[in-house]
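Understanding the architecture of this molecule
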Amino acid sequence: CSVCGEGKTVDFPDEVIEFPGQPSTTCGELQDNGFSGRIPPGQCRRIPMIINRTCGCDPSTPAPISEPTLPPTPEPTPSPTDPPCSVCGEGKTVDFPDEVIEFPGQPSTTCGELQDNGFSGRIPPGQCRRIPMIINRTCGCDPSTPAPISEPTLPPTPEPTPSPTDPPCSVCGEG
């Protein structure tokens, strides 16, 4: 989603914005989170009226005058601890990577991002076993396309054997 509203983008990506109970973030990071689906749609609809003045969500907004602030240090990304898995099931891959899928209590994500998380070991095995039956219709889980095989070579067709024109008559005797 666009955190500035439909068809608008952040004009001041380096400005810092704070939400109660959340770590401070830049307008640019907030916009990236919106575009990548990490902000639930219900929250995304309310954000434009909160950030418009600070982030400059329309081209006529003048640049704010503020003291320089350092952006927060992002927390390190945890390394994967689970084995790689296919979210579509063994030997299957996502056909529609740009389709958006939502799980209760989780931010929405694309089928492609979900597949990447599975392949990189970021989904616990128990969840990975249950995901295929949930995402199959939306993500289009099909078996991986096998490598093409060459056409078989057929043996040559033999020439037809001509039939005899006057077969000998054994009933008539000789002559």
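Residues numbered from 1 in each chain as written. Predicted model: local features only at pLDDT ≥ 70, side-chain atom pairs only at ≥ 80, totals over all residues. Heavy atoms only, no water.

Membership of the largest hydrophobic core comes to 14 residues, with the highest contact counts inside it found for V87, V94, L114, I123, I131, I135 and C139. For this core, the secondary-structure elements that each account for two or more residues are α3 (111–119) and α4 (125–139). It is α4 that contributes the most residues to this core, four residues altogether. Aside from chain neighbours lying at most four places away, what touches L114 is V87, I101, F103, T109, I123, I131 and I135. (Core = buried A, V, L, I, M, F, W, Y, C linked by side-chain atoms within 4.5 Å. Buried < 20%, exposed > 50% of the residue type's maximum accessible area, 1.4 Å probe, protein only. Helix = DSSP H or I, 4+ residues; strand = E, 2+ residues; numbered from the N terminus. Contact = heavy atoms within 4.5 Å.)

So, on to the confidence of the model for the protein. Of the residues in the protein, 68% have a pLDDT of 70 or more, and the chain-wide mean is 76. Across the protein, strand β2 (residues 25–26) holds the top mean pLDDT of 91, while strand β6 (residues 141–143) sits lowest at 75. (pLDDT = per-residue confidence, 0-100.)

Now for the state of the cysteines. Applying the stated criterion to the full structure yields five disulfides. Bridging C88 to C141, the disulfide has an S-S length of 2.0 Å. Here the disulfide of C88 and C141 is left-handed, its torsion about the S-S bond being about -60°. Of this pair, C88 sits in the loop between α2 (41–55) and β3 (92–94) while C141 is found in strand β6, placing the two residues 53 residues apart along the sequence. Since its relative accessible area comes to 4%, C88 is described here as buried. (Disulfide = S-S within 2.5 Å.)

Within the fold, D82 resides in the loop between α2 and β3. In this structure, the C-alpha to C-alpha distance between D82 and G121, residues 39 residues apart in sequence, is 4.6 Å. Apart from the residues lying within four places of it in its own chain, the contact partners of D82 are G121, R122, I123, P124 and P125.

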